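# What the coordinates show
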Amino acid sequence: MTAPVLSVQDIVKVYGQGDAEVRALRGISLTVERGDYVAIMGASGSGKSTLMNILGCLDVPSSGRYLIDGTDVGALDEHQLAVLRNRKIGFVFQSFNLIPRMSALANVELPMAYGGVGAAERRARALAALEQVGLTDRIHHEPNELSGGQQQRVAVARALVTSPALLLADEPTGNLDTKSTGDVLAILDELSGSGRTIVIITHEDDVATHAKRVIRLVDGRIVEDRRQAPADGLPPRMLEVTS
Ligand code: ADP
Ligand code: MG
């Protein structure tokens, strides 16, 4: 039996001390199996970013246990955590976080530089990932020569080029117009369709309809965890064609 991609057991996160203490997460437990597509929703201040940082191994919980792909994250040192992040998680951020003055191709090759992948294979895999997001004709462009939607597609290519166990996206369409939002969501739908495991943090209902499962946070607690029909997540591209 394979381990779930994510196993979160009673995670608590407390910031500050004494009067300044904030209990950002108050006992979060959840399991995400391979191939699931989860939207985490909640109002501002409900703990979404805190949870994302912990799921992404960018921060550690105050208590509780977190296993990614069967590995207990709490048992790892800084270096081991960095390796785990690089191997297991592909990040997509609201603000794209591409390296300026580096081509799309070089940006997508970058995560493999730490993974001991040879130059020729790095190139081939980066080209394939950029093709998957429909940017074959933009590989030599630098981020400032690309639209927001194109930059985010480069970021998705960079996230998936290492074949991570988990694609973790924090408000990936938050800075995009409607058309680019549709493009990025269509790509995520496609990736989900091909078996990728995706966790997306969003406060937009339209975005969450693409997921197979919606988890809602209120004040650091899960108040809802429900499955929804994949048909709800019909890509906007297809809607455009039929309307
Ligand atoms: P969301 O992303 O849903 O808006 P956050 O996870 O950013 O929520 O924040 C959850 C709670 O934790 C909020 O009350 C916020 O003010 C608090 N918080 C977040 N980060 C910190 C921090 N570094 N120090 C102190 N409090 C924090
Ligand atoms: Mg946030």
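Residues numbered from 1 in each chain as written. Chains lettered and ligands numbered in written order. Predicted model: local features only at pLDDT ≥ 70, side-chain atom pairs only at ≥ 80, totals over all residues. Heavy atoms only, no water.

It is worth spelling out the side chain of threonine 197 at this point. On the secondary structure map, threonine 197 appears in the loop between helix H6 (178–193) and strand E8 (198–201). Side-chain polar atoms of threonine 197 contact the backbone nitrogen of glycine 35, separated by 2.9 Å. Not counting the four nearest positions on each side in its chain, threonine 197 is found in contact with Val5, Val32, Glu33, Arg34, Gly35, Asp36, Ala165, Leu166 and Leu167. (Helix = DSSP H or I, 4+ residues; strand = E, 2+ residues; numbered from the N terminus. Polar contact = N/O pair within 3.5 Å; in protein donor to acceptor, adjacent residues only side chain to side chain. Contact = heavy atoms within 4.5 Å.)

It is worth spelling out the sheet that holds strand E1 (residues 6–15) at this point. The strand order across the open sheet built from four strands is E2-E1-E4-E5, with neighbouring strands paired in antiparallel fashion. Of all strands in the sheet, those with a lone pairing partner are strand E2 (22–32) and strand E5 (71–72), marking the two edges. Across two bridges, strand E4 (residues 63–68) lies against E5 in antiparallel orientation. Among the inter-strand pairings, leucine 67 is bridged to a residue of E5, identified as aspartate 72. Across the face of the sheet, helix H1 (residues 48–55) comes into contact with E1, E2 and E4 while running at roughly 125° to E1. (Pairing = 2+ DSSP bridges. Axes fitted to C-alpha atoms, helices over the stretch in contact; angles between N-to-C directions.)

Let us look at the site of ligand 1. Taken together, Tyr15, Val22, Ala24, Ala43, Ser44, Gly45, Ser46, Gly47, Lys48, Ser49 and Thr50 make up the full set of residues adjacent to ligand 1. In this structure, serine 46 approaches ligand 1 through a main-chain N or O atom, which is 3.2 Å from an oxygen atom. The backbone of lysine 48 places a nitrogen or oxygen atom 2.9 Å from an oxygen atom of ligand 1. Secondary-structure elements contributing two or more residues to the shell around ligand 1 are E2 and H1. Partitioned by chemical class, the residues of the shell around ligand 1 number four nonpolar, six polar and one charged. (Near = heavy atom within 4 Å. Nonpolar A, V, L, I, M, F, W, Y, C, P; charged D, E, K, R; others polar.)

Relative to strand E9 (residues 213–218), strand E3 (residues 37–42) runs parallel, the two being bridged by five bridges. Counted as the bridge partner of glycine 42 is leucine 217 from E9. In the sheet, E9 pairs with strand E10 (residues 221–227) via six bridges, with the strands oriented antiparallel. When the sheet's bridge partners are listed, valine 214 is paired in E10 with arginine 226. Between E9 and E10, which pair antiparallel in sequence order, lie two residues; one of them, aspartate 219, sits at a positive phi of approximately 45°.

Another aspect to go through is the sheet that holds E10. Spatially, six strands are ordered E6-E7-E8-E3-E9-E10 in an open sheet, and the strand pairing comes out mixed. Each edge of the open sheet carries a strand with a single partner, namely strand E6 (89–92) and E10. Pairs of neighbouring strands in the sheet enclose a mean axial angle of 15°, with direction left out of account. Packed on one face of the sheet, helix H2 (residues 78–88) meets E6 and strand E7 (166–170) and runs near 75° to E6.

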